[in-house]
2 protein chains.
Amino acid sequence: MTRIESVDVHDVRFPTAAAGDGSDAINRGDYSATYVELRTDTTHTGAGFTFTNGRGNEITCAAVRALAHHVTGRTLAELNADPVGFHRSLTADPQLRWLGPEKGVIAMATGALVNAVWDLRAKEAGVPLWRLLAEMPTAELVACVDFHHIGDALTPAEATEILDKGQAGMAERLAELARDGFPSYTTSVGWLGYPDDKVRGLARAAYAQGWRAMKMKVGGDLDDDVRRATLIRAEIGPDALLMMDANQVWDVEEAITAMGRLAALDPYWIEEPTHADDVLGHARINRAVAGLTGGRCRVATGEVAANRVIFKQLLQAEAIGVMQVDACRVAGVNEVLAELLMAAKFGVPVCPHAGGVGLCELVQHLAVFDYLRVGTSLDGRMVEYVDHLHEHFEDPVRTSGGRYLLPDRPGYSATMRTASIAEFSFPDGPAWR
Amino acid sequence: MTRIESVDVHDVRFPTAAAGDGSDAINRGDYSATYVELRTDTTHTGAGFTFTNGRGNEITCAAVRALAHHVTGRTLAELNADPVGFHRSLTADPQLRWLGPEKGVIAMATGALVNAVWDLRAKEAGVPLWRLLAEMPTAELVACVDFHHIGDALTPAEATEILDKGQAGMAERLAELARDGFPSYTTSVGWLGYPDDKVRGLARAAYAQGWRAMKMKVGGDLDDDVRRATLIRAEIGPDALLMMDANQVWDVEEAITAMGRLAALDPYWIEEPTHADDVLGHARINRAVAGLTGGRCRVATGEVAANRVIFKQLLQAEAIGVMQVDACRVAGVNEVLAELLMAAKFGVPVCPHAGGVGLCELVQHLAVFDYLRVGTSLDGRMVEYVDHLHEHFEDPVRTSGGRYLLPDRPGYSATMRTASIAEFSFPDGPAWR
């Protein structure tokens, strides 16, 4: 009977801004984590985090502290027995809900705590999170999903049907992943802060390493975007996939105009073409880019989608051709389950958002589970890969030839190395003094 | 040349939860304010705040501190010379934006700071905020609006046309308001936490005081909602307006079902029938309630609408018949300007959200400005009124016969009494020790 005795919160920040890593049309940050440790009365510690962009990480830390009383003192058995009740204690707290609701700082803090509980649960079970989820009985999985406010898009009966179906052929799919790994793409080639020569060299190197899908940032000066896209396309040839990411910088009309020019470089998707909250705008852009490219290009979004209600509408409005769930932006594994199930129902592939601090470590579990039990196809599925900061995790991702290798250690791969926490704690760690 | 020398932040909380004031289907809080004072090199202090629901007020305080460097050390002249630049320094901070973007905690903190700058500006001008705005040249007002991400719904040229037109007849409208006050409605009669006898007595008393529009909370047990609505309707007669507020508790289908029964009580609007982010859901409900009531009832929402992008979509999707802007939820006066202008373009009346701590004090300025210069009609316009906590403000609202009297003191009526700040500071004020 594991009991959670305390919640420790660490403000961990890596000084990445100076190098231009992670720079895009709208963000330039010091990649950071609001890192949570659940201390228990067993030898296991639950680890979870949410990713932030530097300044303000103390705000998400404060939010974790404000929510921690819903976790402290509770047993895993209790939380598992009433997962929606536990989830709503965090998402519908009668005082804290006002600060979202279910979005931004308070959702991210919820995500850190909920993810830590799942990490603990998988460690106690002695299996990686993807396996815990994939092998869970359907009724137990469905009981983890809060259908509130998404009932018009997904019912428990529909979720049950999807998860029951997902049991067929699971052993074969698992054998395939164990052999080949999970497809991925790299974002490390084209940050806006990198000069052309660096972009060209990185694209060439990535291609040589086996990557056949790469993402570049757009949304700067349009002539620059076209020039950079042209030089990347020249390096990777006509067959490799080239994705573009505008990080919300465009207005709706502006996005359509820009894609009119960028379409010549045969983009596979345009990511975050406008404001993350603009469901109707994404729908218009999705129709327009399909028209501009004869259906070859689609809209992708999700890393900043606030919650399942926004994802629901993106699907209902046919606004996206790719759903990019984030492991920490929304309220943790439970909410991601709802999103994976809705994507499956609407027939939209999920390509999780990663990068930042530790997001690759987390989302590999979600993608593997999705393939094994929910989406059950690799068609159009790729996990984002960014080659930053993995060395700070105890169970870092491993890739080979442009694919993620199956994680095999117990938990959610969320545990940060003790030395890294100490070194990069803000503001008192040696890295910041 | 007023210079802002420092930003003081106070965590002020009023212990309202115990009495059931402000209780509804989803919130039960200690009404609180993240209260901001801009200290300057003149005798004026800019006051602003955002409203929260108790626990977590320390999180919005932390967010104000994280944003304060965009304000400290700057002169009013600088900020006025480039209002969109100033606004984006807060809303598009390259590290803090990730925590929203433009929603929740970080937007609310931005609202507190931006509102404080406007309070300071109006005090320096020696006029109430509504007058400062109403008498501002059109070009200067348009320059305060950030059209980013709303260009597909409102252009600067359209805003200019609305504000130019609004100059005609302004003197007559002002004379009318000075004589009659601004229409309002009361929410104090039907909180969910109140027993039937108290609700009946409050409805009767409000009617006797001259109120002809009242709002009740729904979203509890449906039989209870119907019973409470019936007893209020019996007290106020068939001609007074009865509004209902579900505070987001229903799913889309559930809202339509509930309104099928509540329609018998002739509701004027159903407020927040479902999740605040659900634009498409509100659109469906709006069509359904119009059908159920022959067009007599409409959907109202906005107190938790995250930003101008959500409001834009609510208007584009014909999801609302009443727009309820909040003075603090979004990024302050500048963003509210965008929302008022969009509402005018789409022909939807604005009835600002109030209550909480000091929201009535703020929104009266917005409603008066809207009537004088933007919407230019009182048709369907009412400001919410809740009879709580006004005594803590130096320039509290004054009402008579169910109408707000024009505020006449310089500023945004945001200044809290020093003694109240001291008494209710959390956790060290005498009220909390």
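Residues numbered from 1 in each chain as written. Chains lettered and ligands numbered in written order. Predicted model: local features only at pLDDT ≥ 70, side-chain atom pairs only at ≥ 80, totals over all residues. Heavy atoms only, no water.

Student: Before we go on, may I ask you to explain the packing of helix H3 (residues 83-91) of chain A against helix H4 (residues 104-125) of chain A in this structure?
Tutor: Between two packed helices, what matters for the description is the angle formed by their axes and the separation of those axes. All names here are of chain A. Interhelical geometry of H3 versus H4 gives an angle of 155° and a closest axis separation of 10 Å. In this view, H3 runs roughly antiparallel relative to H4, as classed from their interaxial angle. Here H3 and H4 pass one another in a crossing that is right-handed. Residues Phe 86, His 87, Leu 90 and Thr 91 of H3 touch H4, and the partners they reach there are Thr 110, Leu 113, Val 114 and Val 117. Broken down by class, the residue content of the contact of H3 with H4 amounts to five nonpolar, three polar and no charged. (Axes fitted to C-alpha atoms, helices over the stretch in contact; angles between N-to-C directions. Helix = DSSP H or I, 4+ residues; strand = E, 2+ residues; numbered from the N terminus. Parallel < 35°, antiparallel > 145°, perpendicular 65-115°, else oblique. Left-handed = near helix turned anticlockwise from the far one by under 90°. Contact = heavy atoms within 4.5 Å. Nonpolar A, V, L, I, M, F, W, Y, C, P; charged D, E, K, R; others polar.)

Student: Which parts of the structure should I look at to understand the UniProt feature "domain: Mandelate racemase/muconate lactonizing enzyme C-terminal" (unreviewed entry) in chain A?
Tutor: Summarizing the sequence annotation, UniProt attributes the feature "domain: Mandelate racemase/muconate lactonizing enzyme C-terminal" (unreviewed entry) to residues 196-292 of chain A in the numbering used throughout. Between the end C-alpha atoms of residues 196-292 of chain A there is a gap of 27 Å, over a span that is 56% helix and 15% strand. (UniProt positions renumbered as here; feature names shortened; annotations may be inferred.)

Student: Mind showing me how you'd approach the side chain of His 275 of chain B here?
Tutor: With respect to the helices and strands, the residue His 275 of chain B is situated in the loop between strand E7 (267-271) and helix H12 (279-292). Judged by its relative accessible area of 0%, His 275 of chain B is buried. Within the local environment of His 275 of chain B, its side chain forms a polar contact with the side chain of Glu 102 of chain A, the two groups lying 3.3 Å apart. Other than its neighbours up to four places away in sequence, His 275 of chain B contacts Arg 97, Pro 101, Glu 102, His 149, Asn 307 and Val 309 of chain A together with Gln 248, Trp 250 and His 282 of chain B. (Buried < 20%, exposed > 50% of the residue type's maximum accessible area, 1.4 Å probe, protein only. Polar contact = N/O pair within 3.5 Å; in protein donor to acceptor, adjacent residues only side chain to side chain.)

Student: What's the story with the interface of chain A and chain B in this structure? I'm lost.
Tutor: When the parts of a complex come together, some accessible area is lost, and that lost area is often taken as the interface size. With 64 residues of chain A at the interface, the matching set in chain B holds 65 residues. Approximately 5300 Å² of surface area, both sides summed, lies buried where chain A meets chain B, with 55% of it carried by carbon and sulfur atoms. It is Arg 55, Gln 95 and Trp 98 of chain A that lose the most area in chain A upon contact with chain B, and together they represent 18% of the buried surface on that side. Between chain A and chain B we count six salt bridges in total. With its nearest N and O atoms 2.6 Å apart, the salt bridge here joins Asp 278 of chain B to Lys 312 of chain A. Inspection of the chain A/chain B interface yields 40 residue pairs in polar contact (both at pLDDT 80 or more). Only strand E3 (45-52), helix H1 (57-67), H4, helix H12 (279-292) and helix H13 (308-316) of chain A provide two or more residues apiece to the side of chain A that touches chain B. Examining the composition of the side of chain A that touches chain B, we find that six residues originate from one element, H1 of chain A, more than from any other. Here the side of chain A that touches chain B is built from residues that sort into 27 nonpolar, 21 polar and 16 charged. (Buried area = accessible area lost by both parts, 1.4 Å probe. Salt bridge = Lys/Arg side-chain N within 4 Å of Asp/Glu carboxyl O.)

Student: I tried to follow the pattern of salt bridges on my own but got confused; where do I start?
Tutor: Proximity of charged atoms lets side chains of opposite charge pair with each other. Counted according to the given criterion, the structure contains 60 salt bridges over all chains. With a closest N to O distance of 3.2 Å, Glu 158 of chain B and Lys 345 of chain B form a salt bridge. Taken together, the residues Glu 158 of chain B in helix H7 (residues 156-165) and Lys 345 of chain B in helix H14 (residues 333-346) connect sequence positions 187 residues apart. A relative accessible area of 25% places Glu 158 of chain B in the partly exposed class. Across the salt bridge formed by Asp 196 of chain B and Arg 227 of chain B, the nearest N and O atoms sit 2.8 Å from each other. Here the residue Asp 196 of chain B occupies a position in helix H9 (residues 196-209), and Arg 227 of chain B occupies one in helix H10 (residues 222-236), the gap between them amounting to 31 residues. Here the salt bridges do not stand alone but share partners, grouping Lys 215, Lys 217, Asp 245, Glu 271 and Glu 384 of chain A into one network.

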